[in-house]
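Structural overview for review
What follows is the residue order along each chain.
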Amino acid sequence: MLAFIVRRALQAIGVLLAVGIIAFAMFRFAGDPVNQIVSIDTPAAEREQVRRSLGLDDPVPVQMARYLVRTAQGDFGVSYQFRQPVSDLLAERMPATLELALCATIFATVFGVLMGVYSGLKRDSVLAKVFQTISLIGISLPTFLIGILLIYLFAVTLGWLPSYGRGDTVQLGWWSTGLLTGSGLKALIMPSITLGLFQMTLIMRIVRAEMLEVLRTDYIKFARARGLTTRAIHFGHALKNTLVPVITIVGLQFGSVIAFAIITETVFQWPGMGLLFVQAVQNVDIPIMAAYLMLVALIFVAINLAVDILYTVVDPRLRTTIRQPT
Amino acid sequence: MSVLHPVLSVRDLRVEFVTRRGILKAIDGISFDIAKGEVLGVVGESGAGKSVTGSAVIGLIDPPGRIAGGEIHLSGMRIDNLPPEEMRRVRGKRIGMIFQDPLTSLNPLYRVSEQLIETIRTHTNLSASAARKRAIDLLAEVGIPAPDKRIDSYPHEFSGGMRQRVVIALALCAEPELIIADEPTTALDVSVQAQIISLLKRLGREHGTAIMLVTHDMGVIAETADRVAVMYAGRIAEIGPVRDVVQNPLHPYAKGLMGAIPSLENDSSERLVQIPGSMPRLSAIPPGCPFNPRCPNVFDRCRVERPDPIQHSEHRVACHLYDQSPVRSEAVA
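All values reported here derive from a predicted model rather than from experimental measurement.

For the rest of this paragraph, the subject is the overall build of chain B. The helix and strand inventory of chain B stands at 13 helices and 12 strands. Oriented by its inertia axes, the alpha-carbon framework of chain B measures out at about 70 × 50 × 45 Å. The buried share among the 333 residues of chain B stands at 51%. By sequence separation, contacts in chain B at least 24 residues apart represent 64% of the contacts at least 6 residues apart. Entry remark: accessible area of chain B is about 15,300 Å², with carbon and sulfur atoms responsible for 52%. Distance between charge centres in chain B, computed from 38 positive and 39 negative side chains, equals 4 Å.

What follows concerns helix α1 (residues 50-58) of chain B. A large share of α1 of chain B lies buried, amounting to seven of its nine residues. A positive backbone phi angle near 75° is found at Gly59 of chain B, which sits one or two residues after α1 of chain B.

All names here are of chain B. Strands sit in the order β6-β7-β8-β3-β9-β10-β12-β11 across an open sheet of eight strands; the sheet is mixed. On the outer flanks of this sheet lie β6 (95-98) and β11 (310-312), each paired with one strand and no other. The sheet shows a mean angle of 20° between the axes of neighbouring strands, direction not considered. The pairing of β6 with strand β7 (residues 178-182) spans four bridges and is parallel. Bridge pairing links Met97 to Ile180 in β7.

Now for empty space enclosed by the protein. Within this structure, the stated rule accounts for two cavities of 30 Å³ or more. Lining the largest cavity are 14 residues, with Cys289, Cys295, Cys302, Cys319 and His320 of chain B sitting closest to its centre. For the lining of the largest cavity, a count of residues per class yields 10 nonpolar, four polar and no charged. Of the volumes computed, that of the second largest cavity is approximately 40 Å³. Ala104, Thr105, Ala108, Gln199, Ile203, Ile249, Val250, Gln253, Phe254 and Val257 of chain A together form the lining of the second largest cavity. Of all the secondary structure elements, the ones that give two or more residues to the lining of the second largest cavity are α5 (86-121), α8 (182-215) and α10 (230-259) of chain A. Counting residues per element, the lining of the second largest cavity draws most heavily on α10 of chain A, at five residues. For the lining of the second largest cavity, the residue count by class is seven nonpolar, three polar and no charged.

Moving on, we come to the interface of chain B and chain A. Every contact between the two is made by 27 residues of chain B and, on the other side, 22 residues of chain A. Counting the surface lost from both chain B and chain A, the interface buries some 2,300 Å², and carbon and sulfur atoms represent 58% of this. If you look at where chain B meets chain A, you find one salt bridge. Arg224 of chain A serves as the salt-bridge partner of Asp62 of chain B, at 3.1 Å between the closest nitrogen and oxygen. Our enumeration of links across chain B and chain A arrives at 13 residue pairs in polar contact (both at pLDDT 80 or more). Counting residues per element, the side of chain B that touches chain A draws most heavily on helix α4 (residues 112-123) of chain B, at five residues. By residue class, the composition of the side of chain B that touches chain A is 12 nonpolar, 10 polar and five charged.

Glancing now at the sheet that holds strand β2 (residues 22-34) of chain B. Residue and element names in this part refer to chain B. Spatially, the four strands line up as an open sheet ordered β2-β1-β4-β5, and their pairing is antiparallel. Of all the strands in the sheet, the pair left with one neighbour each is β2 and β5 (77-78). Two elements, strand β4 (residues 65-74) and β5, share two bridges in a ladder whose sense is antiparallel. Residue His73 lies in a different strand from β5, and its bridge partner there is Arg78. Along the sheet, α1 makes contact with β1 (8-19), β2 and β4, crossing β1 at roughly 110°.

What follows deals with the layout of surface pockets. Estimates place the volume of the largest pocket at around 830 Å³. As for the largest pocket, its lining consists of 24 residues, and the residues nearest its centre are Arg123, Leu215 and Arg224 of chain A together with Asp62 and Pro63 of chain B. Within the residue set of the lining of the largest pocket, elements represented by two or more residues are α5, α8, α9 (218-225) and α10 of chain A together with α1 of chain B. Element by element, the count of residues in the lining of the largest pocket is highest for α5 of chain A, at four residues. Partitioned by chemical class, the residues of the lining of the largest pocket number 12 nonpolar, five polar and seven charged.

Cut-offs applied
- Residues numbered from 1 in each chain as written.
- Chains lettered and ligands numbered in written order.
- Predicted model: local features only at pLDDT ≥ 70, side-chain atom pairs only at ≥ 80, totals over all residues.
- Heavy atoms only, no water.
- Helix = DSSP H or I, 4+ residues; strand = E, 2+ residues; numbered from the N terminus.
- Buried < 20%, exposed > 50% of the residue type's maximum accessible area, 1.4 Å probe, protein only.
- Contact = heavy atoms within 4.5 Å.
- Areas by Shrake-Rupley, 256 points an atom, 1.4 Å probe, with all protein chains shown as cover.
- Lys, Arg positive; Asp, Glu negative; His and termini not counted.
- Charge placed at Lys NZ, Arg CZ, Asp CG, Glu CD.
- Pairing = 2+ DSSP bridges.
- Axes fitted to C-alpha atoms, helices over the stretch in contact; angles between N-to-C directions.
- 1 Å grid on protein atoms, 1.4 Å probe; cavity = no way out; pocket = protein on both sides within 12 Å on 5 of 7 lines; lining within 4 Å.
- Points joined across faces, edges and corners; volume = space filled by probe spheres on them.
- Nonpolar A, V, L, I, M, F, W, Y, C, P; charged D, E, K, R; others polar.
- Buried area = accessible area lost by both parts, 1.4 Å probe.
- Salt bridge = Lys/Arg side-chain N within 4 Å of Asp/Glu carboxyl O.
- Polar contact = N/O pair within 3.5 Å; in protein donor to acceptor, adjacent residues only side chain to side chain.

Here's what the structure looks like:
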């Protein structure tokens, strides 16, 4: 098990190294960074001094090595537009995005599994067909449209929920949370639904399909022949067997939820990393873009590793395979 | 109470499947009894209705299938019309079932102990620790070595034969009166088959359990069963004591089936007898005797009149050849 984790961690470092090189390449493709720092009428001598102070006169491999080492230490450089360290900017924005992504994922998982189990067990009921229709809407409507429709209905027309921002936040050390105030929680509802709707429909469809598949298996037939209660068969024996694909989807989608929170954060003016990234794109703020790229890669790699470990918790057959690698 | 009643009594059972192309009769009026401690072998080709009969007895016919007629009695109590919840309590407690493939019969995500204890506690009032003790005893009884250590293993950590023993232990959890074994040895190696068969025989003998053994393996039947029922196209062609039916079959289909068993004693140059043609599909069962298109002894009456089971010495056989009563004129016409 430990060897497995170490091996996967080494692979993860390889992935991150590759992403780091791509992130570094962005600096070189986007033209001379000095032009973006100084104004047009800065004299050449001063430009040269800025160039030297930033280490931009060194050979490319040296610059790259320096960039990678600094990145590994959590130093992503200084933002062109804010003149602040990128790591500070990200740390400030990260709690907002993570809280949003977490709420969206919890919403998607809870409702997705419930609706999926229901429509798998009662395939022909009216409610199951309603769920199927909702899932079609969830899969086909673009995120920004759902966000705008929700804002129109609940913020503009009914006035129940705020249309933008995080509401009041409480500072817990460096982490600012909106989960402890009423207005913070209220502000979370619509962005979470907007962000999680696609995942919810995905989870629902997978749970439904898996449930139908598992209910046909011999061990379910044998469980029925042993006279176990319907509840034990459906929620003990069948549901647990549908969980492996659900873990994959929830895990991998959690990465996507964080990475693609950009649209939701823009629609709801949510002060998270996604909004920061959009502003960075508009202002060609490459240090932020590169750092965001690295961060998303790190999150994906970490989640992949967590998902692999979770598999072995759910499915005992994988434990032996992992212990004896081929 | 049960002295008068056989453990299982099936009377004129009919099972239908409703499909788009009409109603298919999978079981068309079969009757048989199994006494306490008796092993009834049920043989026949694939699709003859052997497994459907087992599923009907334990109440696991799923839609679009349904029991269309007849009665099933378990120790004198009618069970084919019980409400689902009461039938669930019969399953596993009074009727145990063993399926063909031990590799897929066990839930791969639960330890053997969890599956055994869950089943025991569903049907008894035992505490968790008492149930665990009973589970270990059951595993010992079905011949799993070091059961107190193996009980917490997962199914994939057992071999095929050992898994089938676990499946049998699960079927025995509540000491059922009847065990339905649906092709219990088909998926196993030949050497393991013999072990499982002798285990089933021993359990039946020691506990007085009635066993309905569904298989297409005549060797297993000859080895294990007290009586045998030969099924063809959803009906029982012949039923009788296993020795008689194997050595002296009456029904032309049973004759063909027994003739198709290779024997080492016979002259090896002798060819195995084949039954020409194949069993009709459920949607195209011919009128009269369903076997008539393949029967070597077919005559006019077979094509129009369905043969009813006739008692003939110790057998009951559904064939016009053995009908001593005068031929009904309207049937021949």
